[in-house]
Amino acid sequence: MSSDSPDPVMVSPVPVARWTTRVNWIAVAVGILGALITGLSYFTVHRSAHESDRLRFEQLTNNMGVSFNARLIDTTQALRTASVMASKVEEMDREMWVNYLAATGISAGDGLSGLGFIERVPRAEIDAFEARIRSRGLPDYMADRAGTHDPLYLVAFLEPFDLNAGALGIDIANGTTRRTAADEAMAENRVTMSRRINLIVGETETPGFLLFYPTYRAGASIATEADRVAALQGWVYAAVKVDALVSPVEEAFWSEVGFDVYEGTSSEDGRWLWSSSNPLTLEPDHPAQARFTHTLHLDVIGQPWTMEARSRPGLRHDPAHVYAWFTLAVGGLVSGGLVLLTLRLTRSRTLALAEVQRATADLEVATEESRRLAFVANQIHNAVVITDSNDCI
């Protein structure tokens, strides 16, 4: 055979592996992009829902802070009305206070444990004052004479009697906390509240406060502080228990908010007043387990209070939390579907390219074979050509 024979046919393999690698990376890229979009959508909706929960919690906390003063509105109004009544009567007696307390409609449910009158009495007139009160419905009345200060601020009347008999005759000027609040009310002609004290209720003592409102002699000038001190007749006052004041507020919000209340501008410097307990275990809440916390500074009848609130598991969640999970689920399904679609499309493309390359290779082989046969025919002059019935060699 001649040395000019054609070279053997070399067919390049189909690069399926290269295309397979490309398909995988495209699918991975689509999956990552879908996951990022889904995650970002979930985070955005979830963050919005979380912020909505926080705002609701703080609104509840603010409502609780307002509730303390709101629960004392009726009591302070009763003090003002009673002061006008006391300044106009010539002879005050127990029956007047019994009737007035019944007319106000105020009860222990409003935090009130007692409503009455304190009279400023010179020490030299204690005996005469005591005799006068005994003649006006309190035959066993005894005035406290302890100390040497003058004048005395003696509790003259206090209703309901059964709960407050032990407080009758007490001199609130014998000490600092109650006297300071009473003097402020006298000097400024306003309702004042003492700091926390122990109230005598029945045969026990319980934490509470005293509210004072001054009563001046009818017709006297009260233009200046000196005028008000000179014209003072006494104080209408109310005794308020801490638990009766705060407990109804806790009951209104118990499933969603727990709180601690302190007297003062901070929990570190103030005196503890109240701690709400878990309504199921009756044990104190654990702030570390709360989703939200909030510190609220209050002015309760002129006294600074600090309330440290914390959310409870029952805090109602914003409906957007459901939307966030829905976004995550739908986004996951869509992303998965796109990945599968990408795999299917790229695989179809790969198969089509492979088919084209195989066809091209077959064509090259056929062309080379024809060239080879033509070359052989040109080199051989005498030959027998054998064909079939279709004239094919």
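Sequence positions are assigned chain by chain, starting from 1 and proceeding in written order. Residue-level local features of this predicted model are given only where pLDDT is at least 70; pairs of side-chain atoms are given and counted only at 80 or more, and the full residue set underlies all totals for whole chains, interfaces and linings. Only hydrogens and water are removed before side-chain values are computed, so all heavy atoms of the structure are retained for them.

### Side note on unusual backbone geometry
Following Asp150, the chain continues to Pro151 via a peptide bond in cis, the omega torsion being 5°. Tracing the sequence through the fold places Pro151 in the loop between α3 (126-134) and β2 (152-159). The amide bond that connects Glu159 to the next residue, Pro160, takes the cis arrangement and shows omega of 0°. Residue Ile301 is not a glycine yet carries a positive backbone phi of 50°. Secondary-structure assignment places Ile301 in the loop between β9 (293-300) and β10 (303-311). A helix here means a DSSP run of H or I that spans at least four residues, while a strand means a run of E at least two residues long, and both kinds are numbered starting from the N terminus.

### A short note on the packing of aromatic side chains
How two aromatic rings sit relative to each other is set out by the distance from centre to centre and by the angle between their planes. Within 6.5 Å between ring centres, the rings of Phe, Tyr and Trp (the latter by its six-membered ring) count as paired, and their orientation is classed by plane angle as stacked under 30 degrees, edge-to-face over 60, tilted in between. Under the definition given, this model contains nine aromatic pairs. Considering the side-chain rings of Phe57 and Phe292, the 6.0 Å spacing of their centres and the 25° angle between planes classify their relative orientation as stacked. Remark: Phe292 occurs in the loop between β8 (271-275) and β9 and Phe57 occurs in helix α1 (residues 16-88); sequence separation between them is 235 residues. In this pair, the class of Phe57 matches that of Phe292, namely buried. Of the aromatic side chains, those joined through ring pairs into one cluster are Phe68, Phe209, Phe259 and Trp305. The ring of Tyr153 is capped by Arg179, whose NZ or CZ atom sits 4.9 Å from the centre of that ring. Relative accessibility thresholds used throughout: buried, under 20% of the residue-type maximum; exposed, over 50%; partly exposed, between the two (1.4 Å probe, protein chains only). By definition, being over a ring means that NZ of Lys or CZ of Arg is both within 6 Å of the ring centre and within 35 degrees of the ring normal.

### Some remarks on the environment of Val28
One can find Val28 in helix α1. Taking C-alpha positions, Val28 is 9.5 Å from Thr342, a pair spaced 314 residues apart along the chain.

### Focus: the sheet that holds β10
The four strands lie next to each other as β8-β7-β10-β9, forming an open sheet whose pairing is antiparallel. On the outer flanks of this sheet lie β8 and β9, each paired with one strand and no other. With direction set aside, neighbouring strand axes in the sheet form an average angle of 25°. Alignment of β9 against β10, held across eight bridges, turns out to be antiparallel. Each bridged residue has a counterpart across the sheet, and for Thr295 the counterpart in β10 is Glu308. By the convention used here, residues are in contact when the closest approach between their heavy atoms is within 4.5 Å. Only C-alpha atoms enter the line fits that serve as axes; for helices the fit covers just the stretch in contact. Angles between N-to-C directions range over 0 to 180 degrees. Contacts between helix α7 (residues 242-253) and the sheet are confined to β7 (257-263), β8 and β10, with β8 contributing the most and set at about 45° to the helix. Should DSSP find at least two bridges between two strands, the strands are taken to pair.

### Let's talk about the nonpolar core
Phe68, Trp97, Phe212, Trp235, Phe259 and Trp305 are the most contacted members of the largest nonpolar core, which has 80 residues in total. Per-element tally for this core: the top contributor is α1, with nine residues. In this description, a nonpolar core means a group of buried Ala, Val, Leu, Ile, Met, Phe, Trp, Tyr and Cys residues linked to one another through side-chain atoms lying within 4.5 Å.

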